[in-house]
Amino acid sequence: MKLRKGDKVKVLSGKDKGREGEIIKVLPKENKVIVDRINIAKRHMKATKSLMQGGIIDKDMPVAASAVAIVCPACGPTRIGIKVDGSLKVRICRKCEGEL
Ligand SMILES: [Zn+2]
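The sections below set out a description of the structure shown in this document. (Residues numbered from 1 in each chain as written. Predicted model: local features only at pLDDT ≥ 70, side-chain atom pairs only at ≥ 80, totals over all residues. Heavy atoms only, no water.)

Thoughts on the overall build of the protein
Basically, it comes down to this: In DSSP terms, a helix is any run of H or I states spanning at least four residues, a strand is any run of E spanning at least two, and both are numbered starting from the N terminus. Just to be clear, the radius of gyration here is over C-alpha atoms, and the globule rule we use is 2.2 Å times residues to the power 0.38. Only protein chains enter the accessibility calculation, which uses a 1.4 Å probe; a residue is then buried when its area is under 20% of its type maximum, exposed when over 50%, and partly exposed in between. Any two residues whose heavy atoms approach within 4.5 Å are treated as being in contact. Each accessible area is a Shrake-Rupley result for a 1.4 Å probe, and residues are judged covered by the shown protein chains and nothing else.
Of the regular secondary structure elements, the protein holds zero helices and 10 strands. For the protein, the succession of helices and strands along the chain, N to C, is β-β-β-β-β-β-β-β-β-β. Relative to the compact-globule value of 13 Å for 100 residues, the protein shows a C-alpha radius of gyration of 17 Å, a clear excess of over 25%. For the protein, the spread of C-alpha atoms along the three principal axes comes to 55 × 30 × 20 Å. Within the protein, the proportion of its 100 residues that are buried is 31%. Within the protein, residue pairs in contact and separated by at least 24 positions form 35% of the contacts whose partners lie at least 6 positions apart. Of the roughly 7,000 Å² of accessible surface on the protein, 51% is carried by carbon and sulfur atoms.

Rendered as structure tokens:
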């Protein structure tokens, strides 16, 4: 998993294809990410003791990491490469080799 929280990504497939958003959570075990306002599921909630008001709640559902591409500020959606700089691993854009 090369993606991180805070990364700007573009959705490559699914119902939100073409949209961009920021990663708000990474789920490494499932190889999925949760992207702000992407893959929203409408949940109909019944009123309960803890949730006084029922209604429809928007929930960001995880999307497969392979279904999103990181957005490079210089060239747009791209793939992540890794450059080893001493003992540091730096993520770079495969197109322009700029740091991500
Ligand atoms: Zn680039």
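What about the coordination of the zinc ion?
We count it as follows: Shown as donors are all N, O and S atoms within 2.8 Å of a metal ion, widened to 3.2 Å for Na, K and Ca; because water is not in the atom set, sites may appear incomplete. Irregular is the label for any site that misses the other tests, which are tetrahedral for four donors with all angles between 85 and 135 degrees, and square planar for four donors or octahedral for six when opposite donors exceed 155 degrees and the remaining angles lie between 65 and 115.
Note on the zinc ion: its protein donors are Cys72 (SG), Cys75 (SG), Cys93 (SG) and Cys96 (SG). The metal-donor distances range over 2.1 to 2.4 Å. Geometry at the zinc ion is tetrahedral, judged from the four donor atoms that bind it and their angles of 102 to 121 degrees at the metal. Read N to C, the donor residues that coordinate the zinc ion are spaced as C-x2-C-x17-C-x2-C. Taken together, the residues span a long stretch of sequence, with Cys72 in strand 7 (residues 68–72) and Cys96 in the segment after strand 10 (88–93) at a distance of 24 residues.

Section: the pattern of salt bridges
How we decide: Basic side-chain nitrogens of Lys or Arg form a salt bridge, by our definition, when they fall within 4 Å of a carboxyl oxygen of Asp or Glu.
In total, this model carries five salt bridges according to the counting rule given. Here Glu20 and Lys8 are joined by a salt bridge, their closest N and O atoms 3.4 Å apart. You can see Glu20 sitting in strand 2 (residues 20–27) and its partner Lys8 sitting in strand 1 (residues 8–11), a full 12 residues away along the chain. Residue Glu20 is classed as partly exposed on the basis of its relative accessible area, which comes to 37%.

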